[in-house]
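# Tertiary structure, described
Chain residues, written in single-letter form:
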Amino acid sequence: MRLLSFLSVILLLPTVVLAEQTLTFPSEDGVVITADLYRSEKPVTESTLIILFHQAGSSRGEYKTIAPRLTQLGFDALAIDQRSGNSFNGVSNQTALQVNVGRNFIKALPDMRAAISYGYEELKAKRVIIWGSSYSASLSLVLAGRQAPKVDGVLSFSPGEYFNGELSIKNEAEKISVPVFITAARNEKRQWKPIFSGISATKTGFVPEGVGKHGSSALLSQDSEEYWQAVLTFLNKHFPIN
């Protein structure tokens, strides 16, 4: 009951950005990545950073109302523009304006890896959690498996086998050893269940009672409250903020 009360309070809090800063840093090949950094009120020495990756045709604007909720919980959040994308909610993808790779999603991996490194080396995060949406949900599972020492947890919204056989997300996800949260729209369960079943690490799968929505936009849908409750339960269990 206490947890439910806590979640209810958080869900009713106004969406307030405690500190937002747009910054840039280089990808692994020198392409300039644009990102929005949202800071919580926790001391930097205690910071847990959630890195937010957008879906196809989108931008860091996908997280304009999601990231502030995370700061209210005590997490820092970094929403980046990957090179596969366009715009979301009026926010243009500045990284893709330099070098747009279209739907060749795998080419976004250098940007995602660079963001993880930036989180540790420049932002001095003590823990890094990665959060992906659609194609980046799949690539986040890949990174969680390949970079276990650098990734402490992963939230994956609507992962699937989006890579025309070039990459098996199910096989990559089997390497994961950190806590995993996977969800999607209700009618997408069949596309992520095979991936989920192969994960031997601690894992949470969430199927909404409502229709839901694809990717992180589920948290912007009419069924957002039940998604938020599932996300907050996962974070509170595995990454409590003291």
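Our subject is the structure that appears above.
Since the structure is predicted, the reported quantities are computational estimates derived from the model, not experimental observations. Within any chain, residue numbers begin from 1 and follow the written order of that chain's sequence. Whole-chain, interface and lining totals are the exception, using all residues; otherwise, since this is a predicted model, local features are given only for residues with pLDDT of at least 70 and side-chain atom pairs are given and counted only at 80 or more. Computation of side-chain values covers all heavy atoms of the structure but excludes hydrogens and water.

### Some points on the side chain of Arg83
Comment: elements are numbered from the N terminus, with helices defined as DSSP H or I runs of at least four residues and strands as E runs of at least two. If you trace the backbone, Arg83 turns up in the loop between strand E4 (76–80) and strand E5 (87–88). Judged by its relative accessible area of 5%, Arg83 falls in the buried class. A polar contact is formed between the side chain of Arg83 and the side chain of Ser27, at a distance of 3.2 Å. The rule is simple: take the accessible area with a 1.4 Å probe, protein chains only, and divide by the maximum for that residue type; under 20% is buried, over 50% is exposed, in between is partly exposed. The term polar contact refers here to a pair of N or O atoms within 3.5 Å; inside protein, the definition further demands a hydrogen-donor-capable atom paired with an acceptor-capable atom, and it admits residues adjacent in sequence only when both atoms are side-chain atoms.

### Some words on the pattern of salt bridges
Whenever Lys or Arg places a side-chain nitrogen within 4 Å of a carboxyl oxygen from Asp or Glu, that contact is recorded as a salt bridge. Evaluated as defined, the whole model comprises 11 salt bridges. For Asp81, the salt bridge identified is with Arg60, shortest N-O distance 2.7 Å. Placement of Asp81 in the loop between E4 and E5 and of Arg60 in the loop between strand E3 (48–52) and helix H2 (66–72) is noted, with a sequence separation of 21 residues between them. Looking at Asp81, the relative accessible area reads 0%, which means it is buried.

### Quick look at the pairing of strand E8 (residues 153–157)
If a strand is regular, its side chains alternate between the two faces of the sheet. For E8, the tally of buried residues reaches 5 of 5 residues, placing the bulk of the element in the interior. Two strands form a pair only when DSSP identifies at least two bridges running between them. Where strand E7 (residues 127–133) meets E8, 5 bridges bridge the pair, whose relative direction is parallel. What sits directly across from Gly132, in E8, is Ser156. Note on the crossover from E7 through helix H5 (residues 135–146) to E8: the handedness is right-handed. With 4 bridges connecting them, E8 and strand E9 (residues 180–183) associate as parallel partners. From the neighbouring strand, Leu155 faces E9, where its bridge partner is Phe181. Look down the strands so they point away from you; if the path from the first strand over the helix to the second goes clockwise, the crossover is right-handed.

### Structural notes on the packing of aromatic side chains
A pair of Phe, Tyr and Trp rings is counted when the ring centres sit within 6.5 Å of each other, with Trp represented by its six-membered ring. The angle between the planes then sorts it: under 30 degrees is stacked, over 60 is edge-to-face, the rest tilted. Overall, the coordinates contain 11 aromatic pairs when judged by the stated rule. Both rings, one in Tyr63 and one in Trp131, keep their centres 6.4 Å apart while their planes meet at 90°; by these two values the pair is edge-to-face. A residue pair is termed long-range when its members are at least 10 positions apart, and Tyr63 in the loop between E3 and H2 and Trp131 in strand E7 qualify at 68 residues. Like Tyr63, the residue Trp131 is buried in the burial classification. Three or more aromatic residues link up through ring pairs in this structure, and these residues are Tyr63, Trp131, Phe157, Phe181, Phe234 and Phe239. The rule is short: NZ of Lys or CZ of Arg within 6 Å of the ring centre and within 35 degrees of the ring normal puts a charge over the ring. One Lys or Arg, Arg69, reaches over the ring of Trp228 and ends 5.7 Å from the middle of that ring.

### Focus: the packing of helix H4 (residues 109–121) against H5
All axes are obtained by fitting lines to C-alpha atoms, using only the stretch in contact for helices, and the reported angles, taken between N-to-C directions, cover 0 to 180 degrees. At a minimum axis distance of 11 Å, the contact between H4 and H5 shows a crossing angle of 60°. When the axis of H4 is compared with that of H5, the two are oblique. When you trace H4 past H5, the crossing you get is right-handed. Taking contact as the criterion, the partners of Leu109, Met112, Arg113 and Ile116 in H4 are, on H5, Ser136, Leu139, Ser140 and Leu143. Just so you know the grouping, Ala, Val, Leu, Ile, Met, Phe, Trp, Tyr, Cys and Pro go in nonpolar, Asp, Glu, Lys and Arg go in charged, and all remaining residues, Gly too, go in polar. Here the contact of H4 with H5 is composed, by residue class, of 5 nonpolar, 2 polar and 1 charged. Roughly parallel covers angles under 35 degrees, roughly antiparallel covers those over 145, roughly perpendicular covers 65 to 115, and oblique covers all other angles. Whether a crossing is left-handed or right-handed is set by the direction in which the near helix is turned from the far one by less than a right angle, anticlockwise for left-handed and clockwise for right-handed. Residue contacts are counted whenever heavy atoms from the two residues lie within 4.5 Å of one another.

### A look at the sheet that holds E8
Strand order in the open sheet formed by 8 strands is E1-E2-E4-E3-E7-E8-E9-E10, and the pairing between neighbours is mixed. The open sheet is flanked by strand E1 (20–26) and strand E10 (203–206), the only strands paired with a single partner. Averaged over neighbouring strand pairs, the angle between their axes works out to 20° when direction is ignored. Each of E9 and E10 is contacted by helix H7 (residues 189–197), which is oriented at about 170° to E10, the strand it contacts most.

### So, H7
Turning to H7, its buried residues are Trp192, Ile195 and Phe196. Along the long axis of H7, the arc covered by the buried residues comes to 100°, so they all point the same way. Among the structural elements, H5, helix H6 (169–173), E9 and E10 are those in contact with the buried residues of H7. What the arc covers is the set of directions going from the helix axis to the C-beta atoms.

In short, geometric facts, not functional conclusions.
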